[in-house]
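A structural walkthrough
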Amino acid sequence: MQDRVVPGSTPPIAVSPNNPCPFLRALVANGYVDGHTVPIPQLCKNIEAASGEQGLKETVVGIKTYGVALGANGYNPLRLIKSATSGADLDELRNGPLDKHGAGSRILDVTAQVHEDEIERLATFGQACNDPSGGTERGLTAKEIDTFMAANLERAGDQARWYYPAMMKGEWPVLLDILGKGEGDARYLSVAEVRTLFVDHRLPDRIIARLPAP
């Protein structure tokens, strides 16, 4: 159950290697949700808060989250009933419907080891972006994230499945929506914050300020 963590990383709570989602891993590591079974409404509440959206947009975030979480452990009718009534099992996501088996970024492997070279590869798809708080940093806009995901599929070759592009729309683009800086086409995902998310299981302070107390 315990993570194999990159040196220098000290998550307060161990996270199962069978939870491959970096955002969920950060929520677990910092005590916002349990590492095993989490009621789907609780997941929705945290992700709605993290998004910073209000009103109808916040509701839409919650609906999308519910749909993804409901099927995250499988689409067997009995499993769907269990997910709906008990919650999603975050430490059993590996090899589930959302696992792309090497067709993704490969930043986090099956043993929960972070591969820095894959973060460096991610950075090559980005550019120098203007930080709203001042200065510039390496980041990826929505267009560059699309290029990155397409390259991941091409690299995977025969491992890629026809439905993976649709699955990917719920991953890096969602991270851009939640963690991104700036507005419109200039909105970008900071590579430095991606590294912190994967290696240290830590969310930016501006996101933590939105979340309910762990």
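Our subject is the structure that appears above.
Presented here is a report on the structure given in the accompanying data block.

About the cut-offs
Residues numbered from 1 in each chain as written. Predicted model: local features only at pLDDT ≥ 70, side-chain atom pairs only at ≥ 80, totals over all residues. Heavy atoms only, no water. Helix = DSSP H or I, 4+ residues; strand = E, 2+ residues; numbered from the N terminus. Rg over C-alpha atoms; globule rule 2.2 N^0.38 Å. Buried < 20%, exposed > 50% of the residue type's maximum accessible area, 1.4 Å probe, protein only. Salt bridge = Lys/Arg side-chain N within 4 Å of Asp/Glu carboxyl O. Axes fitted to C-alpha atoms, helices over the stretch in contact; angles between N-to-C directions. Parallel < 35°, antiparallel > 145°, perpendicular 65-115°, else oblique. Left-handed = near helix turned anticlockwise from the far one by under 90°. Contact = heavy atoms within 4.5 Å. Disulfide = S-S within 2.5 Å.

This part takes up the overall build of the protein chain. Regarding its fold elements, the protein chain presents ten helices and five strands. Since a compact globule built from 214 residues should have a radius of gyration of about 17 Å, the 17 Å found for the protein chain is in line with a globular shape. Taking the principal axes of its C-alpha atoms as reference, the protein chain extends roughly 50 × 40 × 35 Å. Taking all 214 residues of the protein chain together, the buried fraction comes to 48%.

Right, let's talk about the pattern of salt bridges for a bit. Across all of its chains, the model carries twelve salt bridges by this definition. Close ionic contact of Lys169 with Asp146 constitutes a salt bridge, the shortest N to O distance being 3.6 Å. A residue pair is termed long-range when its members are at least 10 positions apart, and Lys169 in the loop between α7 (164–168) and α8 (172–179) and Asp146 in helix α6 (residues 142–156) qualify at 23 residues. Given a relative accessible area of 49%, Lys169 falls into the partly exposed group. Arg206 is the partner of Glu193 in a salt bridge, and the nearest nitrogen-oxygen pair spans 2.8 Å. You can see Glu193 sitting in helix α9 (residues 191–200) and its partner Arg206 sitting in helix α10 (residues 205–208), a full 13 residues away along the chain. The class of Arg206 is partly exposed, set by a relative accessible area of 31%. A cluster of three or more residues bridged by salt bridges with shared partners is formed by Asp131, Glu137, Lys181, Glu193 and Arg206.

Here the focus is the packing of helix α2 (residues 40–51) against helix α3 (residues 55–71). Two elements in contact, α2 and α3, have axes separated by 9 Å at closest approach and are oriented at 140 degrees. Taken together, the axis directions place α2 and α3 in an arrangement best described as oblique. Here the hand of the crossing between α2 and α3 comes out right-handed. Across the interface between the two elements, Ile40, Leu43, Cys44, Ile47, Glu48 and Ser51 of α2 pack against Glu58, Val61, Gly62, Thr65, Tyr66, Ala69 and Leu70 of α3.

What follows covers the state of the cysteines. Applying the stated rule across the entire model yields zero disulfides. As a non-bridged cysteine, Cys44 has Cys21 as the owner of its nearest cysteine sulfur, 13 Å distant.

This next bit is on unusual backbone geometry. Even without glycine at this site, Asn95 takes up a positive phi of about 70 degrees. Mapped onto the elements, Asn95 comes out in the loop between β2 (88–89) and α5 (116–124). In this structure, His101 takes a positive phi of about 50 degrees despite not being glycine. Relative to the helices and strands, His101 resides in the loop between β2 and α5. Look at His101 and you get partly exposed, because its relative accessible area is 40%.

The next thing to look at is the environment of Ile119. Within the secondary structure, Ile119 sits in helix α5. On the basis of relative accessibility, which here comes to 0%, the residue Ile119 falls in the buried class. In the structure, Ile119 is positioned 17 residues away from Gly102 in sequence and 15 Å away in space, judged by C-alpha atoms. Not counting chain neighbours up to four residues away, the residues in contact with Ile119 comprise Ile107, Val114, Val191, Arg195 and Val199.

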